[in-house]
Amino acid sequence: QVQLVESGGGLVQPGGSLRLSCAASTSIESFYATGWYRQVPGKQRELVAGITSGYTNYVDSAKGRFTIARDAANNTVYLQMNSLKPEDTAVYYCSARPSRVVVKTYWGQGTQVTVSS
């Protein structure tokens, strides 16, 4: 069992920055995939940024503005978000999939990000 705890969300003005953190209860060094998703009411959860087998990928709207990073020493995954826009407003969820073979993904409880003036 893996527990994930997100932090760092909040209210920020357009153009501002936030850094989300996701602390895992176990070592993430060998995890197959970790990522950040977001969801707004009435819409499906979408992948914002992910690291899979060492490769990173981003949703088009996040490219050039967001950066995902994995700190294995501290069992933490970060999402640095710059140049935030109102359309980035959502609940952000951390995800972790330890194994490539076993299709089991763990989720955090979510953290609200609101971009508004």
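Note: the structure precedes this text.
Everything in this summary refers to the structure shown in the same document. (Residues numbered from 1 in each chain as written. Predicted model: local features only at pLDDT ≥ 70, side-chain atom pairs only at ≥ 80, totals over all residues. Heavy atoms only, no water.)

1. Description of the overall build of the protein
And step 1. Across its full length, the protein holds zero helices and 11 strands.
And step 2. Along the protein, from the amino end to the carboxyl end, the secondary structure elements read β-β-β-β-β-β-β-β-β-β-β.
And step 3. Principal axes of the C-alpha set define a box for the protein whose edges measure 45 × 30 × 25 Å.
And step 4. Split into buried and exposed, the 117 residues of the protein put 39% on the buried side. (Helix = DSSP H or I, 4+ residues; strand = E, 2+ residues; numbered from the N terminus. Buried < 20%, exposed > 50% of the residue type's maximum accessible area, 1.4 Å probe, protein only.)

2. Description of the pattern of salt bridges
And step 1. Scanning the entire structure with this criterion turns up four salt bridges.
And step 2. Note that Glu46 and Arg38 form a salt bridge whose closest N and O atoms lie 2.7 Å from each other.
And step 3. According to the relative accessible area criterion, Glu46 is partly exposed, its value standing at 31%.
And step 4. Here Arg38 and Asp88 are joined by a salt bridge, their closest N and O atoms 3.0 Å apart. Here Arg38, found in strand β4 (residues 33-39), pairs with Asp88, found in the loop between β8 (76-81) and β9 (90-97); they are 50 residues apart in sequence, far enough to count as distant. (Salt bridge = Lys/Arg side-chain N within 4 Å of Asp/Glu carboxyl O.)

3. Some words on the side chain of Thr111
And step 1. Assignment of secondary structure puts Thr111 in strand β11 (residues 111-115).
And step 2. When its relative accessible area of 10% is taken as the criterion, Thr111 is described as buried.
And step 3. From its side chain, Thr111 meets the backbone nitrogen of Gly9 in a polar contact 3.3 Å long.
And step 4. Leave out the neighbours within four places in its chain, and Thr111 touches Glu6, Ser7, Gly8, Gly9, Leu20, Ala90, Val91 and Tyr92. (Polar contact = N/O pair within 3.5 Å; in protein donor to acceptor, adjacent residues only side chain to side chain. Contact = heavy atoms within 4.5 Å.)

4. Details of the side chain of Ser21
And step 1. Position of Ser21 among the secondary structure elements: in strand β3 (residues 18-24).
And step 2. For Ser21, the residues in contact, after removing those within four places along its chain, are Val5, Glu6, Ser7, Trp36, Thr76, Val77 and Tyr78.

5. Quick notes on the state of the cysteines
And step 1. Evaluation of the coordinates by the stated rule reveals one disulfide.
And step 2. Between the sulfur atoms of Cys22 and its disulfide partner Cys94 the distance amounts to 2.1 Å. Here the disulfide of Cys22 and Cys94 is left-handed, its torsion about the S-S bond being about -80 degrees. Of the two residues, Cys22 is situated in strand β3 and Cys94 in strand β9; the sequence distance between them amounts to 72 residues.
And step 3. What makes Cys22 buried here is its relative accessible area of 1%.
And step 4. Cys94 sits in the buried class, given a relative accessible area of 1%. (Disulfide = S-S within 2.5 Å.)

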